[in-house]
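Coordinate inspection notes
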Amino acid sequence: MLSDIEIAQSVKMKNIADVAASLDIKADELELYGNYKAKFSDSVYNRLKDKEDGKLVLVTAVNPTPAGEGKTTVTIGLGQAMEKIGKKAVIALREPSLGPVFGIKGGAAGGGYSQVVPMEDINFHFTGDMHAITSANNLMCAMLDNHIQQGNELGIDPRKVQIKRCLDMNDRALRNIVCSLGGAVNGVPREDHFVITVASEVMAILCLADDIFDLKKRLGNILVAYTYSGDPVYCRDIKANGAMTVLLKDALKPNLVQTLENTPAIMHGGPFANIAHGCNSVRATKTALKLADYCITEAGFGSDLGAEKFMDIKCRFASLKPSCVVLVSTVRSMKYNGGVLKSNLCEENYSALEKGSANLCAHIDNLKKFGVPVVVAINHFYTDTDREIEYIESLCKSKGVECVVTKCFADGGDGAVELAQKVALACKKENDFHYLYDSDMPLYDKIETIVKEIYGADGVDYTKEAKKSLDGFIKLGADSMPVCMAKTQYSLSDDPTALGRPSGFRLTVSSVSLSNGAGFVVCQTGSIMTMPGLSKSPAAYNIDIDENGNTVGLF
């Protein structure tokens, strides 16, 4: 079979203006980035804001395994299949982060015959959103250090700086640095840190902002430091939010691309789900809901991270109501959770499948707690046996959820037609969508609710540092905010090696930070890298330009 990039380069794309026209978007409502990419002007949503919303379908997954589950591939395949059953659909996805593309993750635009294109552009630079976010974040950091250097009128304590510089690249050397060395003219020396761009609060803010004015307000609310007397200092206090907004005014506009089958796809924003809230922008989702019968969107990693945050953070802030959730799993992931090594996943192992299916059951149970209909999509691999598939179908039936085998990697939209039909029916079912916790619930209780109800822990413990920080943020008014848990994606617990459905454990919150502009409190558990490093053999080794000027080796 052809590689993903070979498939992507073999198809004939429509001019993006024609893709937009299929959505009744006018030519003067597009800002073109060549023939195959465009941004929506602000006038699009303003024109459509009173139009009835379509159905919102969230695609999530079980805990990721080394074998891969194909959540984005299923999302794209489902969107393509909706068109095949006569439903108008728009896919809403996150933008890839450049660092992981060169690291071990590879591309983030789907796979096989369910991809968004132009693949190379999407994975590299795209329309410059990531660069704008990086620049805005680092302008804030530069202005903070400059304020300290130029007399420090606010009395900022350099030891209590809360913000970090960012870069959209995997670079472990920048995790912990000392800056401003070389004498008084170069600033006040202090310890500093870098995070990857998608882990920055500016990214989270861009994805949650309603409009340019909400963006400016949220940027101004970023907690940047504390004074020597312990008072908070916000981004607006160092007068950075206005210039940051100017840098982000184009990045705030959603991007329009297409799938291999010319289904419209909006790609915008990309916060990590194990660090931030893991969803594409509110503006992209709301625009898609106005343009189509169905908006097919996804949330990062498993439902314990991405879906929970989609419901409790994104839907809460944006007043969104999902009509259906698609839970992606594979035969291979269940066998892996049952103790089978990656090298042996192609072999039938019924007992491991039964054991590992506990992970799927946990995610089904979790999603049901939000009151939304659930459809399980089994992403098919050629090594799956009929016996294995039949077991999963029987299991799902016993859990009271629909189960569909999809083959959208190999067959594109045709491979997800049955899934599209099941999803359309599920969207008509009774829907009692609700959040996991109320906004007025105390912050400590919100954390315990997530830990017990979603992760299955017996309770939560706090380090001395974490408790001190949390108490301090509550005094600043954070008690009414939702919680964003920073946790390993590989397990329901905070131990990445605890597969299946762990029980009898307590989860430890090691540190807490306040994303005051984004509007949530981040609780870090375990060891979560906010600045990844490159592997011994990074994907960048294989990425090159051939003799014809074509990109090769991307994925």
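Going by the structure above, here's the rest.
A brief report on the enclosed structure follows. If you're wondering where the values come from, they're calculated on a predicted model, not measured in any experiment. (Residues numbered from 1 in each chain as written. Predicted model: local features only at pLDDT ≥ 70, side-chain atom pairs only at ≥ 80, totals over all residues. Heavy atoms only, no water.)

1. A closer look at the nonpolar core
I222, L248, L360 and I392 are the most contacted members of the largest nonpolar core, which has 128 residues in total. At eight residues, helix α7 (residues 129-149) tops the list of elements feeding residues into this core. Setting aside chain neighbours within four positions, we find I222 in contact with M140, I163, E201, V202, I205, V233, Y234, C235, M244 and G517. Counting 24 residues, the second-largest nonpolar core is a separate cluster that includes A89, I296, V326 and A416. (Core = buried A, V, L, I, M, F, W, Y, C linked by side-chain atoms within 4.5 Å. Buried < 20%, exposed > 50% of the residue type's maximum accessible area, 1.4 Å probe, protein only. Helix = DSSP H or I, 4+ residues; strand = E, 2+ residues; numbered from the N terminus. Contact = heavy atoms within 4.5 Å.)

2. Thoughts on the sheet that holds strand β21 (residues 483-486)
Read across the sheet, four strands follow the order β20-β22-β23-β21 without closing on themselves; strand pairing throughout is mixed. Of all the strands in the sheet, the pair left with one neighbour each is β20 (459-462) and β21. With direction set aside, neighbouring strand axes in the sheet form an average angle of 40 degrees. As defined by bridge partners, β20 adjoins strand β22 (residues 506-515) across four bridges and the pair is classed as parallel. Looking at the pairing, V460 lines up with L507 of β22. (Pairing = 2+ DSSP bridges. Axes fitted to C-alpha atoms, helices over the stretch in contact; angles between N-to-C directions.)

3. Looking at the sheet that holds strand β7 (residues 156-161)
Strand order in the open sheet formed by three strands is β7-β12-β13, and the pairing between neighbours is antiparallel. Since the sheet does not close on itself, it has two edges, and those belong to β7 and β13 (232-234), each with one partner. Between one strand and the next, the sheet's axes are offset by a mean angle of 50 degrees, whatever the strand orientation. By the bridge criterion, three bridges tie strand β12 (residues 223-227) to β13 in an arrangement that is antiparallel. Each bridged residue has a counterpart across the sheet, and for L223 the counterpart in β13 is Y234.

4. Side note on the packing of helix α18 (residues 443-453) against helix α19 (residues 464-475)
Close contact between α18 and α19 brings their axes to 10 Å; oriented N to C, the two are set at 125 degrees. The orientation of α18 with respect to α19, classified from their angle, is oblique. Residues L443, Y444 and I447 of α18 touch α19, and the partners they reach there are K467, L470, D471 and I474. Grouping the constituent residues of the contact of α18 with α19 by class yields five nonpolar, no polar and two charged. (Parallel < 35°, antiparallel > 145°, perpendicular 65-115°, else oblique. Nonpolar A, V, L, I, M, F, W, Y, C, P; charged D, E, K, R; others polar.)

5. Looking at a nonpolar patch on the surface
Where nonpolar side chains cluster on the molecular surface, the patch consists of M1, L2, Y113 and F409 and spans about 400 Å² of accessible area. For M1, the location among the structural elements is in the segment before α1 (4-10). For M1, a relative accessible area of 67% gives the class exposed. (Patch = residues over 30% accessible without salt bridge, like charges linked within 9 Å, V, L, I, M, F, W, Y side chains within 5 Å. Areas by Shrake-Rupley, 256 points an atom, 1.4 Å probe, with all protein chains shown as cover. Salt bridge = Lys/Arg side-chain N within 4 Å of Asp/Glu carboxyl O.)

6. Side note on the pairing of strand β6 (residues 114-117)
Burial of β6 is two-sided: the residues S114 and V116 facing one way and the residues Q115 and V117 facing the other way are all buried. In this sheet, β6 lies alongside strand β5 (residues 110-111) in antiparallel orientation, the contact comprising two bridges. Each bridged residue has a counterpart across the sheet, and for G111 the counterpart in β6 is S114. Linking two consecutive strands that pair antiparallel, namely β5 and β6, is a turn of two residues; a positive phi of about 60 degrees is found at G112 within it.

7. A word on the packing of α7 against helix α10 (residues 241-248)
Here α7 crosses α10 at 170 degrees, and the two axes come no closer than 9 Å. Judged on the interaxial angle alone, α10 and α7 are roughly antiparallel. The residues of α10 that touch α7, namely those facing A132, I133, S135, A136, L139 and M140, are A243, M244, L247 and L248. Looking at the contact of α7 with α10 residue by residue, the classes come out as nine nonpolar, one polar and no charged.

8. Thoughts on the environment of L514
Take L514: it is sitting in strand β22. Between the C-alpha atom of L514 and that of L395, which follows or precedes it by 119 residues, the distance is 41 Å. Residues in contact with L514, not counting those within four places in the same chain, are E201, L223, F473, L476, A478, M481, F520 and V521.

9. Considering unusual backbone geometry
The residue after V117, namely P118, is reached through a cis peptide bond having omega 10 degrees. The topology assignment puts P118 in the loop between β6 and α6 (119-123). Within the chain, S180 stands out as a residue other than glycine whose phi angle is a positive 65 degrees. Mapped onto the elements of the fold, S180 is located in the loop between β9 (177-179) and β10 (190-192). The buried category is assigned to S180, whose relative accessible area is 17%.

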